[in-house]
Amino acid sequence: RDWSSDVCSSDLTTVVDTSRTPHARLRPVPVEAVHFEGHGTAGHGFWASRTDMVRTVTLRQQLAQLEATGRIDNFRRAAGQLDGPFQGRYYNDSDVYKWVEAAALALAHGPDADLEASLDAVVEAIAAAQQPDGYLNTYFMFELAPDRWADLTNKHEMYCAGHLIQAAIAHRRATGRTTLLDVATRLADHLCATFGPHARRGTDGHEEIELAMVELFRETDDRRYLDAATFFLEMRGQTPPVIGGSPYHQDHLPVREQAEAVGHAVRLTYLGCGLADAAMETSDNGFARATDLLWESAHHRKAYVTGGLGSRWDGEAFGADYDLPNDTAYAETCAAIGSLMWSWRRLLATGDARFADQMETALYNGILAGLSLDGETYFYQNPLSNRGDHRREPFFGTACCPPNVARLVMGLPGYMASVTSGEAWLHIYADATLDLTVPDGGHLQLRVTTRYPWDGHVAIEVLEAPATTIAVRLRIPSWTHGAWLDLPDVHGVAVSPGTYTCVDRAWRVGDRIDLHLPMVPRLVVSHPR
């Protein structure tokens, strides 16, 4: 790494840092701790091939599109470096920020001088566009400056700010440099000064700032950011309403009273993430209950078999319970990503395998469908049936999905496993080496060898282990039946689907667990409604 003068001590690149979160059961594993392997070997390397593709092809293709469509020029214009009009949609800044987050996460996989140079140039352009008071949004510049924060319902200013904050945190964790984090904290300080119990009432029409502010609190330990996140959550459903009172914006009820997934699907999943994050940090039972009920509504009664969310093209929204048509399914790629992010936070809070099951469903179906095998074209919508006219595109006018897929795939090593006191948990099975620091346990290195998802055999070999006892918890997917384990001293141990099975012992180098997950085809039948 380039340890320049603007670095701070590196915590490694955690996607969601619950290492000090009081009400989280599981602790994070950094992206650097999981090394996908097997690329190029027959049947192996499923995730190595995809992360390599996104890092070497997709991120370059997206950067070219961001330049060609003027999204980065908008920052140069805001900095006074370029004349001409603003280009594109008023929320275009967010596409750049998601690309920055993806590129930063890619650097956590390993050095890439060209990508790092491109990332530095984009970060420089972003930083130059920030205004003296900390405000940063390239649309509301010059003649539109008086309209800042004037239309919270529709104009996505807080949404863009949230993506900048998340990008800055990933950039700091991956590179050790604080260049972009300094920009993000100045913007967050501007938000805290503008909105709050003793300032202006308001919240975001498109949720994103809430989870970003919680993660900024985790990164900086500044309580103001957590308080801002809870304030923005509590501003929903006020009387009179602050952003219109519509179910489309999840503004129809106070947030602790919301129990049905309604409105814009991506907005709802990000709301669920914000509630889950705030609940883990504050022990707010109202937030915890709301995120749980909303998750149940979205995933048990309004999700496609692919994990896709949002059945209506009109408004990219949820329909009624079981309103899930195939050929007119919207199932936005971003909604599947939001579903995984939401389920991840519920998994961190509870350790309940059903959340990991839903992550897997969304990951292999609703998310990967959004990216072509060559890494250069995308689906925005993912209908379940089509007559041949629905095709992937190289980019979109509203291009939220492409960089969202990139940041998810680049962050995937951080979703594969977790740790807690004396325990290592495996959630997603892939050819990989895992270097795990287990609290109250020590360093545990595991080598996972598998053809998953094409085959249900997962071999886990111990490469390094402390003298202490460590429990290895393995997810047994709910879709498998008759699964079993072979251990160093016993064979054919039956395990139950939909749980984490625990193997607790003092491990020795060379010990091996063989997990067998029968992949018998199943008929999945729609609900009668």
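Up top you'll find the structure we're talking about.
S.K.: Hey, could you run me through the sheet that holds strand 10 (residues 499-506) in this one?
M.R.: Two orientations exist for strands paired in a sheet by backbone hydrogen bonds: parallel and antiparallel. Across the sheet, four strands lie side by side as 2-3-7-10; this open sheet has mixed pairing. Two strands bound the open sheet, and with one partner strand each, they are strand 2 (417-420) and strand 10. Looking at each pair of strands side by side, their axes are set apart by 20° on average, direction ignored. Pairing of strand 2 with strand 3 (residues 423-426) involves four bridges; the strand directions are antiparallel. When the bridges of strand 3 are listed, A417 appears paired with L426. Packed on one face of the sheet, helix 12 (residues 353-367) meets strand 7 (469-476) and strand 10 and runs near 55° to strand 7.

S.K.: Just to check I follow, could you spell out the nonpolar core for this structure?
M.R.: As a rule of thumb, soluble globular proteins bury nonpolar side chains together. Ranked by size, the top nonpolar core spans 170 residues in total, and within it W99, V100, I126 and M213 carry the most contacts. Look past the residues within four positions of W99 in its chain and what remains in contact with it is L59, Q62, L63, L66, L115, S118, L119, V122 and P403.

S.K.: Please clarify how the pairing of strand 5 (residues 442-450) should be interpreted in this entry.
M.R.: The side chains of a regular strand alternate between both faces of the sheet. By the bridge criterion, seven bridges tie strand 4 (residues 432-438) to strand 5 in an arrangement that is antiparallel. Each bridged residue has a counterpart across the sheet, and for A432 the counterpart in strand 5 is V448. Taking the residues that link successive antiparallel strands as the turn, the strand 4-strand 5 hairpin has three residues, and the phi of D440 there is positive, at about 60°. Strand direction decides the pairing type here: strand 5 and strand 6 (residues 457-464), joined by six bridges, are antiparallel. Within the sheet, the bridge partner assigned to L446 lies in strand 6 and is V462.

S.K.: Just checking my understanding: could you explain the packing of aromatic side chains for this structure?
M.R.: Applying the stated criterion to the full structure yields 21 aromatic pairs. A centroid spacing of 5.5 Å and a plane angle of 50° characterise the contact between F46 and Y364, whose relative ring orientation is tilted. Residue F46 is located in helix 1 (residues 46-68), and its partner Y364 is located in helix 12; the two are separated by 318 residues in the primary sequence. Assigned by exposure class, F46 and Y364 land together as buried. On the basis of an interplanar angle of 90° and a centroid distance of 5.5 Å, the ring pair of W149 and F195 is categorised as edge-to-face.

S.K.: Whenever I open this one, the pattern of salt bridges confuses me. Can you help?
M.R.: Opposite charge on two side chains permits pairing when their charged atoms draw close. One pass over the full model with this rule turns up 39 salt bridges. The partner of R76 in a salt bridge is E67, and the shortest N-O contact between them spans 3.0 Å. Assessed through its relative accessible area of 31%, E67 is described here as partly exposed. The shortest N-O distance in the salt bridge between D352 and R354 comes to 3.0 Å. Take R354: its relative accessible area is 28%, and that puts it in the partly exposed class.

So, how was this worked out
- Residues numbered from 1 in each chain as written.
- Predicted model: local features only at pLDDT ≥ 70, side-chain atom pairs only at ≥ 80, totals over all residues.
- Heavy atoms only, no water.
- Pairing = 2+ DSSP bridges.
- Helix = DSSP H or I, 4+ residues; strand = E, 2+ residues; numbered from the N terminus.
- Axes fitted to C-alpha atoms, helices over the stretch in contact; angles between N-to-C directions.
- Contact = heavy atoms within 4.5 Å.
- Core = buried A, V, L, I, M, F, W, Y, C linked by side-chain atoms within 4.5 Å.
- Buried < 20%, exposed > 50% of the residue type's maximum accessible area, 1.4 Å probe, protein only.
- Phe/Tyr/Trp six-rings, centres within 6.5 Å; stacked < 30°, edge-to-face > 60°.
- Salt bridge = Lys/Arg side-chain N within 4 Å of Asp/Glu carboxyl O.

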